Amino acid sequence: MRWVVAPLAGIALVGIWTAANAEGGTPPDTPRPTATAAAPSAAPSAAPSAAPPAHRAAPLWRADPAAGAKAFEGVETKPGQVSVVNDPAGRYGKTYALHTSGHKLDDATRVRVETRGQRTSGGPLRFAEEGDVFYIGWRSMWGPLPTKKGDWVTLWQLKDYGSGAATPPLSLRARGDGTVDLEYCDPKLKTTYLWHSELKLGSWHAFVVGLKISKDPAKGWVKLWHNGAAQKLAGGTAQYRAATLRADWVTDKWGVYRSDGVTGAATAYLNDAAVGRAYGDVAP
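Residues numbered from 1 in each chain as written. Predicted model: local features only at pLDDT ≥ 70, side-chain atom pairs only at ≥ 80, totals over all residues. Heavy atoms only, no water.

A. Region of interest: the overall build of the protein chain. Within the protein chain, the regular secondary structure consists of one helix and 18 strands. A total of 284 residues make up the protein chain; the buried ones form 52% of that total. Accessible surface, the protein chain as shown: approximately 11400 Å² in total, 53% of it carbon and sulfur. (Helix = DSSP H or I, 4+ residues; strand = E, 2+ residues; numbered from the N terminus. Buried < 20%, exposed > 50% of the residue type's maximum accessible area, 1.4 Å probe, protein only. Areas by Shrake-Rupley, 256 points an atom, 1.4 Å probe, with all protein chains shown as cover.)

In structure tokens:
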């Protein structure tokens, strides 16, 4: 159930993809909804089924460090900067570094330094069509990353945009208790903790998130792999039913976005980010 780690390869950006798959401006800051489902009591174990084969086809998009921040639809630096550096761990070559000093711009603006969406030769890659299936893969490493008990730091989001945008359907959040979790927020703003694990700073974490795009929670779904292992989500299932499409479209964001109770400089490193139609196309 482990995938093969491959070095980052520069692949040209390709055209926009929003058509249905065979399987079926920056918004204002919004407060985190109150959680209504308890997190699992123990770290998840791998799902019983084997991971998909780690073959590679051309992804729909890959973040090429040679393109710098232009690989993304946009960046949000409030305050902060997005740059390309050599992997501090000396393993994966050129790597994005998203750094914030942590000093608030003003009382109304939360600290964030994030990429937003994916830029292709045909325009932005957005997840907008009912029944589309996407897989998003990447490596992340964090440090420093201040946290505080009772507050949160968002490290990745599936964010909604357009008419009716309110709260991200999915958020990967660091807590002040040394853990990181994947949170699902349904259309009624009920929050469910799908998964959680120990948060290790200064080490690379590999993720793949699988998504079936739908506004109907009975038709959409989420899957997760962490460090090559398929994870059990809330309820003990490897595929969690979820409304993954909100407002007009959703897209994802990497970086640091945090509640006002957390202070201090932070850096998120991003490597080998890709979007494709299959697990094997994007597994880091």
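There's plenty left to go through after this.
B. Expanded view of the pairing of strand β8 (residues 133-142). With respect to burial, β8 is a largely interior element, ten of its ten residues being buried. Residues Val133, Tyr135, Gly137, Arg139 and Met141 of β8 are buried on one face, and the alternating residues Phe134, Ile136, Trp138, Ser140 and Trp142, pointing to the opposite face, are buried as well. Where β8 meets strand β13 (residues 205-212), eight bridges bridge the pair, whose relative direction is antiparallel. Residue Ile136 lies in a different strand from β13, and its bridge partner there is Val209. (Pairing = 2+ DSSP bridges.)

C. Spotlight on the pattern of salt bridges. Applying the stated criterion across every chain yields a total of 14 salt bridges. It is possible to trace a salt-bridge network through shared partners that takes in Glu76, Arg112, Glu114, Arg116 and Lys253. (Salt bridge = Lys/Arg side-chain N within 4 Å of Asp/Glu carboxyl O.)

D. Structural view of the packing of aromatic side chains. For the structure on display, the rule yields 15 aromatic pairs. Between Trp138 and Trp254, the aromatic rings sit 5.6 Å apart at their centres with planes inclined by 70 degrees, giving edge-to-face as the arrangement. Of this pair, Trp138 sits in strand β8 while Trp254 sits in strand β17 (residues 249-258), placing them 116 residues apart in sequence. A relative accessible area of 1% means that Trp254 is categorised as buried. A ring pair is formed by Trp195 and Phe207, whose centres lie 6.4 Å apart and whose planes are at 85 degrees; its orientation type is edge-to-face. Taken as a pair, Trp195 in strand β12 (residues 191-198) and Phe207 in strand β13 lie far apart in primary sequence, twelve residues in all. The pair formed by Trp195 and Phe207 is uniform in burial state, with each residue classed as buried. One aromatic cluster in this structure is built from Trp61, Phe72, Tyr96, Trp138, Trp156, Trp195, Phe207 and Trp254. In this structure, Arg126 is placed above the aromatic ring of Trp249, and the distance from its NZ or CZ to the ring centre is 4.0 Å. Against the face of Tyr161 rests Lys159, its NZ or CZ located 5.5 Å from the ring centre. (Phe/Tyr/Trp six-rings, centres within 6.5 Å; stacked < 30°, edge-to-face > 60°. Lys NZ or Arg CZ within 6 Å of the ring centre and 35° of its normal.)

E. Molecular detail of the environment of His196. In this structure, His196 sits in strand β12. For His196, a relative accessible area of 14% puts it in the buried group.

F. Spatial organisation of the nonpolar core. Counting residues in hydrophobic clusters, the biggest one holds 50 residues, and the most contacted among them are Trp138, Trp156 and Leu194. In terms of residue count, the dominant contributor to this core is strand β18 (residues 266-276) (five residues). Ignoring any residue separated from it by four or fewer positions in sequence, one finds Trp156 in contact with Ile136, Trp138, Leu170, Ser171, Leu172, Leu182, Val209, Asp252, Lys253 and Trp254. (Core = buried A, V, L, I, M, F, W, Y, C linked by side-chain atoms within 4.5 Å. Contact = heavy atoms within 4.5 Å.)

G. Spotlight on unusual backbone geometry. Cis peptide bonds are those with omega within 30 degrees of zero, and the linkage from Lys78 to Pro79 qualifies with -10 degrees. For Pro79, the location among the structural elements is in the loop between β2 (74-78) and β3 (81-86). Looking along the chain, the bond that leaves Gly143 and enters Pro144 is cis, with omega of 0 degrees. Mapped onto the elements, Pro144 comes out in the loop between β8 and β9 (152-161). A positive phi angle, near 50 degrees, is found at Asn227, a position not held by glycine.

H. View of the pairing of strand β10 (residues 170-175). By the criterion of burial, β10 is predominantly enclosed, with six of the six residues buried. Across the two faces of β10 the burial is the same, with Leu170, Leu172 and Ala174 and Ser171, Arg173 and Arg175 all buried. Taking the residues that link successive antiparallel strands as the turn, the β10-strand β11 (residues 179-185) hairpin has three residues, and the phi of Gly178 there is positive, at about 80 degrees.

I. Focus on the sheet that holds β12. Strand order in the open sheet made by the seven strands is β2-β5-β17-β9-β10-β11-β12, with antiparallel pairing throughout. One side of each edge strand has no neighbouring strand; the edge strands of this open sheet are β2 and β12. For this sheet the average axis-to-axis angle between neighbouring strands, irrespective of direction, equals 20 degrees. In the sheet, β9 pairs with β17 via eight bridges, with the strands oriented antiparallel. Across the sheet, Lys159 pairs through a bridge with Thr251, a residue of β17. (Axes fitted to C-alpha atoms, helices over the stretch in contact; angles between N-to-C directions.)

J. Quick look at the side chain of Thr95. Position of Thr95 relative to the elements: it lies in strand β4 (residues 94-100). Taking relative accessible area as the criterion, Thr95 reaches 0% and is therefore assigned buried. A distance of 3.0 Å separates the side chain of Thr95 from the backbone oxygen of Gly93, its partner in a polar contact. A distance of 3.1 Å separates a polar atom in the side chain of Thr95 from a polar atom in the side chain of Asn271. Among all residues touching Thr95, those that are not within four sequence positions of it are Ser83, Val84, Val85, Asp87, Trp204, Tyr269, Leu270 and Asn271. (Polar contact = N/O pair within 3.5 Å; in protein donor to acceptor, adjacent residues only side chain to side chain.)

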